[in-house]
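# Per-entry structural report
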Amino acid sequence: MNCARRVLRVQQKLTWVSASGPSNYDGHALCHSLAEEVENVYLLPKTVLVMVDSETVSGQDSCYKQKKARKTHHSPDSVEELNRLFPNGCDIMGIATPGVVLTPSGSHSGPPKEFQEGEAGYAIMFPRMEGVDIRPFHFCKRTISESHLEEAGLVNNPDLRVVLLFGYEAYKPGAARFLNQVLEPLARSKALIAGGHVENVFSPERECCGQGSYGVVGLALSGPRVQGASVLLEQDVSSPKEAEATIRRLKAANLPERNTLGFMFACVGRGHNYYNNQRNVEADTFRKVFPNIPLFGFFGNGEIGCDRIVKEDYTLCDTDTDSLQHGYTTVMTLVHLG
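Under the annotation held in an unreviewed UniProt entry, the protein chain carries the name FIST C-domain domain-containing protein and is attributed to Coregonus suidteri.

Given below as structure tokens:
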């Protein structure tokens, strides 16, 4: 066992499991796929980012279909059961969004798909990686403070490179002001910030605030091997040709393809609604430009990000808090993990 663990520790390539429905089992299609496939994943995940559609997922503590049905060992029915699929001490961030963007399991060059409706989800598994520090964070109005921001690596951290940030219950009174408390120090940093507003968060379980409270979750990625780049597809980008011209700007970052992920954070109002009923336009365009980089993301209720390149010791493009938040846009991002 010790020998096997030593082998697994050097497996520093991230991996993922994804699924789309409808599932023939009682649980969400992703939950069934994870139960079947996670034992065949040859790495020890330290951090897992799970995103599923909010159409079949609702509630803080339910990553599964809300229906009366028999339960099987293939379909976990609680966050605790989801936790059991991964090693002790593994940080699991579970998010429900109006729509999901995913690359099929098993191939970096598989065609990514946009799911604006229907059952879909993915779990990205990050192992421990030399030169890469991934810290999950969760703030609500009861836990936001300078010391907690520092503990999460979001302030006073010269090694911070990329922040994936997701707000929930953003329409509640006070939520916008709260989000600015998190974004203001990040806007002054040299880190790349990308994400958006999601429907809800089901893992980790919230003990600091009640159901329906607003907050922010995310991953802070630090270390000398982390690099990133992002571009903003503005509201007026509404044709495949315009989308390709914007996404091609990511090539300027010249990031290695190995151990690189693409993230697409799009407004629920985009997708086929924005492209004369053409489906999968932005995901297909990303694959045309980056055929060997898997793409993940969501359709949400607002986007966070800007044009920015973060490499070894420099950042191209400064910004402020106001220019980080958008509507009817897509933030397309590359994250390289060495």
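Turning our attention to the pattern of salt bridges. All told, the structure shown has eight salt bridges when counted by the stated rule. As a salt-bridge pair, D91 and K46 come within 3.1 Å of each other at their nearest N and O atoms. Placement of the pair is D91 in strand β3 (residues 91-97) and K46 in strand β2 (residues 45-53), with a sequence separation of 45 residues. Between R249 and D307 there is a salt bridge whose closest N-O contact spans 2.5 Å.

Strand order in the open sheet made by the five strands is β1-β6-β2-β3-β10, with mixed pairing throughout. Each edge of the sheet is formed by a strand with only one pairing partner; in this case those strands are β1 (15-20) and β10 (200-203). Mean inter-strand twist for the sheet, computed between neighbouring axes without regard to direction, equals 15 degrees. Sitting on the sheet, helix α2 (residues 29-37) is in contact with β1, β2 and β6 (120-127), with an inclination near 140 degrees to β1.

With that out of the way, let us pick up the packing of aromatic side chains. The geometry of an aromatic ring pair comes down to the distance between the two centres and the angle between the two planes. Applying the stated rule across the entire model yields 10 aromatic pairs. Residues F178 and Y214 carry aromatic rings whose centres are separated by 5.5 Å and whose planes lie at 55 degrees to one another, so their mutual orientation is tilted. In this pair, F178 is assigned in helix α5 (residues 175-188) and Y214 in the loop between β10 and β11 (215-222), connecting sequence segments 36 residues apart. By the burial criterion, F178 is buried, and Y214 matches it. Each residue in the set F166, F263, F265 and F298 is aromatic and connected to the rest through ring pairs, giving one cluster.

Of all hydrophobic cores here, the largest spans 39 residues; its most connected members are L49, I95, F126, F166, F263 and L337. Setting aside residues no more than four positions away along its own chain, F126 makes contact with L14, P45, K46, T47, L49, I134, L219, L261 and L337.

Here β6 lies mainly inside the structure; eight of its eight residues are buried. Going residue by residue along β6, you find A120, Y122, I124 and F126 tucked away on one face and G121, A123, M125 and P127 tucked away on the opposite face as well. Inspection of the sheet shows β1 paired to β6 by six bridges, in the antiparallel sense. By the bridge assignment, T15 is partnered in β6 with M125. In this structure, β2 lies alongside β6, joined through seven bridges in antiparallel fashion. Within β6, the residue paired with V52 across the bridge is G121.

This part covers unusual backbone geometry. The backbone phi angle of E169 is positive, close to 55 degrees, even though this residue is not glycine. With respect to the element layout, E169 can be found in the loop between β8 (160-168) and α5. A relative accessible area of 14% places E169 in the buried class.

Let's shift gears to the sheet that holds strand β15 (residues 303-304). The sheet built from six strands is open, its strands ordered β7-β11-β8-β9-β15-β18 with mixed pairing. Lying at the two open borders of the sheet, with one neighbouring strand each, are β7 (133-140) and β18 (325-326). Bridge analysis of strand β9 (residues 192-198) against β15 gives two bridges, and the strand direction is antiparallel. Bridge assignment links G195 to a residue of β15, and that residue is I304.

Conventions adopted
- Residues numbered from 1 in each chain as written.
- Predicted model: local features only at pLDDT ≥ 70, side-chain atom pairs only at ≥ 80, totals over all residues.
- Heavy atoms only, no water.
- Salt bridge = Lys/Arg side-chain N within 4 Å of Asp/Glu carboxyl O.
- Helix = DSSP H or I, 4+ residues; strand = E, 2+ residues; numbered from the N terminus.
- Pairing = 2+ DSSP bridges.
- Axes fitted to C-alpha atoms, helices over the stretch in contact; angles between N-to-C directions.
- Contact = heavy atoms within 4.5 Å.
- Phe/Tyr/Trp six-rings, centres within 6.5 Å; stacked < 30°, edge-to-face > 60°.
- Buried < 20%, exposed > 50% of the residue type's maximum accessible area, 1.4 Å probe, protein only.
- Core = buried A, V, L, I, M, F, W, Y, C linked by side-chain atoms within 4.5 Å.

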